[in-house]
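As a plain string of letters, each chain reads:
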Amino acid sequence: MAGVTGELTPEARRPPVIATAGLTKHYGNVHALTDLTVDVGAGVTGLVGANGAGKSTLIKILLGLLEPTGGHAQVLGHDIEHESQEIRRLVGYMPEHDCLPPDVSASDFVVHMARMSGLGASAARERAADVLRHVGLDEERYRPMGGYSTGMKQRAKLAQALVHDPRLVFLDEPTNGLDPAARTDMLRLVGRIGSDFGIAVLVTSHLLGELEQVSDHVIVLDGGHLLRSSATTEFLRQTGSLLVEVVGTETERDRLGEALAQRGLVCRPRGKVIAIDPPPPELAGEGAAHDLIRDVAADLGLGLMRLEPDRGHLEDVFLEGGARV
Ligand SMILES: Nc1ncnc2c1ncn2[C@@H]1O[C@H](COP(=O)(O)OP(=O)(O)OP(=O)(O)O)[C@@H](O)[C@H]1O
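Residues numbered from 1 in each chain as written. Predicted model: local features only at pLDDT ≥ 70, side-chain atom pairs only at ≥ 80, totals over all residues. Heavy atoms only, no water.

Looking at an unreviewed UniProt entry, the chain carries the name ABC-2 type transport system ATP-binding protein, with the source organism given as Nocardioides exalbidus. Within the UniProt record for the chain, the comment given under Sequence similarities (unreviewed entry) is "Belongs to the ABC transporter superfamily." (UniProt positions renumbered as here; feature names shortened; annotations may be inferred.)

Structure (structure tokens):
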């Protein structure tokens, strides 16, 4: 184990997929990125932050589309300043905004992008068909993209990012403009790119919670500063608190809350739910607080709808305040 013997595991010894050091970008007076030092490993990494946090700027710098004002970065071991051609050969990019030619079909477009990356005509057609099937564009792929729904356009953009078999993809707001069902489908697809195809993914979202399910690691930017970079499990760790919901209205909720408070639990109403602080030592044993809550609810004749551990969420990093890296 790395921490015990001082030796690094093979995983830890592998160079990061992306490494930045003091990366800074100013657009005139706008400080879009400030002294960003962060590593991105294999798997799916969520890059989250409000609109304007600096996510797109970071991706464009890593691709060599924008020059940083200061600092350095490497992508797949290549320096962004001197080796951007090589980086673009190894990396796929799904831009945030609509950039698809409306009169061209997804099939022709993705074949064209495959040819641009150096594939021969028949290999490009085969590869485009494969990748369009993976992203879920079937018969529609022969229709002009101008008539596509937002979800179909996002899939076409994703297909062109994958067609040259990259080792890393940058997906900039892939769920933008999608309804909840299409959003869920797209997130599943993003997860599969990391798990089934073994391609490293850096995916952005301005909705902080949305990448919790698919990311192995999350980087949070706030106003161009790194707020936190941690394994997703760290963000979602159990808080030690419990959440309880009973059948009925606020009256029933408060009856249970008051009864539990008399038994030594600190209860706080949170919408329809009672959030119970980590139990005191005498109730900290395995299942002791659960048993007490169940018994008290039964004594009051109240039905329990939910009794579960409370978990942290990505949004909490903003409530905790201060940079924790
Ligand atoms: N070309 C530009 N000229 C001037 N300011 C810019 C330019 N591009 C971005 N900015 C500003 O830099 C900051 C970071 O923008 P960026 O697009 O990187 O953020 P983002 O996190 O990707 O947000 P969004 O999802 O809204 O694009 C914002 O304040 C934005 O207005």
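Further notes follow.
## As for the site of the ligand
Around the ligand, the structure places 13 residues, and the nearest of them are Gly 52, Gly 54, Lys 55, Ser 56 and Thr 57. The separation between an oxygen atom of the ligand and a polar main-chain atom of Gly 52 is 2.7 Å. Within the side chain of Thr 57, an N or O atom sits 2.5 Å from an oxygen atom of the ligand. The fraction of the free accessible surface of the ligand (620 Å²) that becomes covered by protein chains is 60%. Contributing elements (two or more residues each) for the shell around the ligand: β2 (30-40) and α3 (55-62). When residues of the shell around the ligand are assigned to their parent elements, the largest contribution, 3 residues, is made by α3. The class makeup of the residues in the shell around the ligand is 5 nonpolar, 5 polar and 3 charged. (Near = heavy atom within 4 Å. Polar contact = N/O pair within 3.5 Å; in protein donor to acceptor, adjacent residues only side chain to side chain. Areas by Shrake-Rupley, 256 points an atom, 1.4 Å probe, with all protein chains shown as cover. Helix = DSSP H or I, 4+ residues; strand = E, 2+ residues; numbered from the N terminus. Nonpolar A, V, L, I, M, F, W, Y, C, P; charged D, E, K, R; others polar.)

## What to know about the pairing of strand β10 (residues 225-231)
Burial analysis of β10 places 5 of its 7 residues in the buried class, the great majority of the element. Where strand β9 (residues 217-222) and β10 come together, 6 bridges link them in antiparallel fashion. Within β10, the position partnered with Asp 222 by the bridge is His 225. As consecutive antiparallel partners, β9 and β10 are separated by 2 residues, and within that stretch Gly 223 has a phi angle of approximately 55 degrees, a positive value. (Buried < 20%, exposed > 50% of the residue type's maximum accessible area, 1.4 Å probe, protein only. Pairing = 2+ DSSP bridges.)

## Comments concerning the side chain of Thr 175
Examined against the element boundaries, Thr 175 turns out to sit in the loop between β7 (168-171) and α8 (180-195). Given a relative accessible area of 3%, Thr 175 falls into the buried group. Within the structure, Thr 175 has its side chain in polar contact with the side chain of Arg 183 (distance 3.3 Å). In terms of polar contacts, Thr 175 uses its side chain to reach the side chain of Glu 210, at 2.6 Å.

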